[in-house]
Amino acid sequence: MAEGAGTAVEEAHGELSLARVALAEDDLAHAASHLAGALALAPGLPEAHELLAALAVRTADSGLLLFPLHEPAFIGTVVAHAHLLAPADPGRALGLLARATAAAPEQPWADVTWVRALDAGSVEGQALAQVFTTVMRPLGDPAEESVRTANEVYLDLARRAVAAHPDDPMVHATAAGVGRRLGATGAAVVWGARAVELQPSKLTLVWYAYALRADGRDDDGIAVLRDAYRRFPRELDLCADLANWLAATGRAAEGIALLEEAVARDPSYDCVVHTLHSMRFDEDGDVRHLIALADYTRDHPPSGHEHYELETACRGRPWLGLPAAATEACVNMLAQVPADAGDLGTMALSALEVPSALSLVRRRFPGVTIDIGGETPPDMTSAVRPGRALWTYTGKVASPAVPPPSQEAVELARRVVTPIWAHPIAVYDQALPLGQLPIDDLLGLLVHPPAAPDGSVELPPGWWERSVQVFAALGVLHSAEPGRNHPTDTTAHRRILAEVAFGVEDWATEAALFALVVAAWLDPLGRTEVAATVAMRFVTAVRAAQGRVVTILDSLAELVLMTPGLDGEVRALAREVLTASAAADAAASDAGSPAESAAAGPAAAGSAAADPSAAAGPSAAGRSWLRRLFGRRAS
């Protein structure tokens, strides 16, 4: 018995007890209500079906009016109505059970005696095809084991349906769709082939192709889908499917060529446009394809089904779907500390690190002593250019220059902030509630991020705090406080974010630049300005990296690559930074695992991670872009 099933059955018996009491008192309405509750909890419980039969004989209409199909309908009511309707109209009854399956496919709504014993020939083929179509997508492709077990009755029904309707193409085609999902891929291929033989329509060809694919016959499936596209060239969704299948079998270039031809014929057909941009991104990783997709979506809102290509492409990628990881040695050290550690004692670092990272350590261990070696880098402890100050330095110690946010801001942030997001435009929309906060509160969140809500999933150190900073920066874009010349104008908002970005080097720098990049994704009119801002801040960081560790450098490089309109040498430099960093990571991995380094203790681990000579950055052997940008030999 599945976990939780015992409790459900016990609750169902409780509902049946109440139903019996009501029935004994001739209170049929309450009896029906409790019986519907029992069926919703345990749809196959024999006692429930026995009581349903007893209730049916007490009314002239076999109890149907006791289970009215008002919208929105309770699922137990729908199922009870279906069982009572079955003797008179099994086709409609099956349709109601299919609706229940579509709503909650993990329950065996249709696995009852009358369905198992049903003569499929007594139900019209169209009604059976509609039943299979209704349950097909909710089952999953393929269905999970538990869902497959609960719905094996539909596979049994499919076998009887094709036997009873040997010349009905849609019965065979939809049966193939159900069969492949429930594990009967061989049978699904046979049924799909028969459907095409009877009627080679778009639907029968597609369902046959998917059956072949589920059976491990990719090339045969592609051939059928290609035939479908040849027969129905105006159906461009076939082109999108075919391109995806080709990509999955290592023929992405062929798929992209098909999509480009389709887009040239009809640039307004969103399915092929979305697929084309996402496949191009899959091939070369160039975020400009995703920017083009976002632009297209803004100008051509989906008119049919929802599209998830942008979300899929951004999932798990730095800044596209989550904050870039913190790379500071002190944060890496926190990851090695047991959760129940009460005191860290002394942490030794070989170089100064950004204020937000060190502040995270001090919040976790208020009594910690942090010994920071090396000289104090003046370009790290002062703002790049004058503006709003978030941090001020005294020697190597940074202090907040803005007060903590209000309690209202803290509570709102805890409700709104998430550590991952679907894509840059989605996280902008998600941050909308923060726009009601004053700018001072949003700046306060950048410096004083609140703790994660109780019960939150445990995250690596720094991830939650960096997420709060991202949302706070996006909140600035939503704020009404700076004023707007028109509803989408963010000129004043971008000015505030630029001041933060050019302040003291910090995680807030990254968050502010990310918000600026998102603003450029949303509004093409601001792209030239944002590109110049991001480029200048990145180049400044690269200059600094020639003499010291810049822990946020890789993150800034990622932001460069996703900035609309930022091309040429700066973009090439960002790629070089990330390539050099990946090579350094690979070399470090070959030399020894992080766990081995951490075993040397906090001081050793901190020193190793913060050693400028070991820091990621452009290699000495490959800095041609640095020489062009700076007009001197990069050393």
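The structure displayed is predicted, hence computed values, not measured ones. (Residues numbered from 1 in each chain as written. Predicted model: local features only at pLDDT ≥ 70, side-chain atom pairs only at ≥ 80, totals over all residues. Heavy atoms only, no water.)

### What to know about the overall build of the chain
Quick note on the threshold: The way it works is that DSSP assigns letters per residue, a run of H or I at least four long becomes a helix, a run of E at least two long becomes a strand, and they are numbered from the N terminus. Residue exposure (1.4 Å probe, protein chains only): buried if accessible area is under 20% of the type maximum, exposed if over 50%, otherwise partly exposed. In this analysis, two residues are considered to be in contact whenever any of their non-hydrogen atoms come within 4.5 Å of each other. Computed with a 1.4 Å probe, the accessible areas rest on the Shrake-Rupley method; for each residue, only the protein chains presented here act as cover.
A tally of helices and strands in the chain yields 33 helices and four strands. Dimensions along the principal axes, computed over C-alpha positions, put the chain at roughly 90 × 65 × 55 Å. When each of the 635 residues of the chain is scored for burial, the buried share is 50%. In the chain, of all internal contacts separated by at least 6 residues, the share reaching a separation of at least 24 is 67%. Approximately 27800 Å² of the chain is accessible, and the part contributed by carbon and sulfur atoms is 54%.

### Remarks on empty space enclosed by the protein
Using the following cut-off: A 1.4 Å probe that fits but cannot get out identifies a cavity on a 1 Å grid over protein atoms alone, an open set with protein on both sides within 12 Å along at least five of seven lines counts as a pocket, and a residue lines either if it has an atom within 4 Å of a point. Grid points are joined across faces, edges and corners, and a volume is the space filled by probe spheres set on the points.
For the coordinates displayed, the defined rule picks out two cavities of 30 Å³ or more. In this structure, the largest cavity encloses a volume near 50 Å³. In this structure, the largest cavity is lined by Arg388, Leu390, Trp391, Glu499, Val500, Gly503, Val504, Asp506, Ala508 and Thr509. Among the elements of the structure, helix H26 (491-501) and helix H27 (507-522) are those that each provide at least two residues to the lining of the largest cavity.

### Section: the side chain of Arg527
We apply this condition: Here a polar contact is recorded for every N or O atom pair within 3.5 Å, except that within protein the pair must consist of a potential hydrogen donor and a potential acceptor, and residues adjacent in sequence are included only if both atoms are side-chain atoms.
Note that Arg527 resides in helix H28 (residues 527-545). For Arg527, a relative accessible area of 14% puts it in the buried group. At 2.6 Å, the side chain of Arg527 forms a polar contact with the side chain of Asp295. When sequence neighbours within four positions are dropped, the list of residues in contact with Arg527 reads Ile291, Asp295, Arg298, Ala520, Trp521 and Pro564.

### Focus on the packing of aromatic side chains
The condition is simple: Ring pairs shown here join Phe, Tyr and Trp side chains whose ring centres sit within 6.5 Å, with only the six-membered ring taken for Trp; geometry is labelled stacked below 30 degrees between planes, edge-to-face above 60, and tilted in between. Cation placement over rings: the criterion is NZ of Lys or CZ of Arg within 6 Å of the ring centroid and within 35° of the ring normal.
Summed over all chains, the structure comprises four aromatic pairs. Ring geometry for Trp421 and Phe471: centres 6.3 Å apart, planes at 70 degrees, overall edge-to-face. With Trp421 in the loop between helix H22 (407-416) and helix H23 (424-430) and Phe471 in helix H25 (residues 463-478), this pair connects stretches of sequence that are 50 residues apart. Classification of Trp421 by relative accessible area gives buried; the value is 7%. By relative accessible area, Phe471 is classed as buried at 0%. Taken together, the ring pairs connect Trp319, Trp421, Phe471 and Phe514 into an aromatic cluster. In this arrangement the basic side chain of Arg385 is found over the ring face of Phe502, its NZ or CZ atom lying 3.7 Å from the centre. The ring of Trp507 has Arg466 sitting right over it, with the charged end atom 5.1 Å from the ring centre.

### Quick notes on helix H11 (residues 185-198)
The criterion, for reference: Here the expected length of a helix is defined as 1.5 Å per residue gap, with one fewer gap than residues.
An ideal rise of 1.5 Å per residue puts 20 Å on 14 residues; H11 measures up with 20 Å between its terminal C-alpha atoms. In this fold, the buried residues of H11 make contact with helix H9 (152-164), helix H10 (169-181) and helix H12 (202-214).

### Remarks on unusual backbone geometry
Across the junction of Glu71 and Pro72, the peptide omega takes the value -5 degrees, indicating a cis bond. Following the sequence through the fold, Pro72 ends up in the loop between helix H3 (46-56) and helix H4 (75-85). Following Asp141, the chain continues to Pro142 via a peptide bond in cis, the omega torsion being 0 degrees. Tracing the backbone shows Pro142 in the loop between helix H7 (125-139) and helix H8 (145-150).

### Brief notes about the nonpolar core
We count it as follows: Definition of nonpolar core: a set of buried residues of the types Ala, Val, Leu, Ile, Met, Phe, Trp, Tyr and Cys, connected through side-chain atoms within 4.5 Å.
Grouped together as the largest cluster of nonpolar side chains are 109 residues, with contacts concentrated most on Leu474, Phe514, Trp521 and Phe538. Per-element tally for this core: the top contributor is H27, with 13 residues. The residues touching Trp521, leaving out its near neighbours within four places in the chain, are Val287, Leu290, Ile291, Ala294, Asp295, Arg298, Leu320, Pro424, Ile425, Arg527, Met562 and Pro564. Of all hydrophobic cores here, the second largest spans 75 residues; its members include Val112, Val115, Leu155 and Ala240.

### Focus: the pattern of salt bridges
For clarity, the cut-off: For this analysis, a salt bridge means a side-chain nitrogen from Lys or Arg found within 4 Å of a carboxyl oxygen belonging to Asp or Glu.
Inspection of the entire model under this criterion finds 31 salt bridges. Between Glu145 and Arg148 there is a salt bridge whose closest N-O contact spans 4.0 Å. Note that Glu145 and Arg148 are positioned in helix H8 at a spacing of three residues, about one turn of the helix. Using a relative accessible area of 54% as the deciding quantity, one classes Glu145 as exposed. Classification of Arg148 as partly exposed rests on a relative accessible area of 28%. Linking Asp295 and Arg527 is a salt bridge whose minimum nitrogen-to-oxygen distance equals 2.6 Å. Of this pair, Asp295 sits in helix H17 (residues 288-299) while Arg527 sits in helix H28, and the two are 232 residues apart along the sequence. We classify Asp295 as buried; its relative accessible area is 17%. The structure contains a network of salt bridges with shared partners spanning Asp111, Arg116, Glu152, Asp156 and Arg160.

### Here we look at the pairing of strand S3 (residues 391-394)
For a regular strand, side chains alternate in direction, first toward one face of the sheet and then toward the other. We apply this condition: At least two bridges found by DSSP between two strands is the condition for calling them paired.
On S3, burial follows the alternation: Trp391 and Tyr393 on one face are buried, whereas Thr392 and Thr394 on the facing-out side are not. As paired strands, S3 and strand S4 (residues 397-400) are joined by four bridges and run antiparallel to one another. If you follow Thr394 over to S4, its bridge partner there is Val397. Here S3 hands over to S4 after two residues, with Gly395 in that stretch at a positive phi of 65 degrees.

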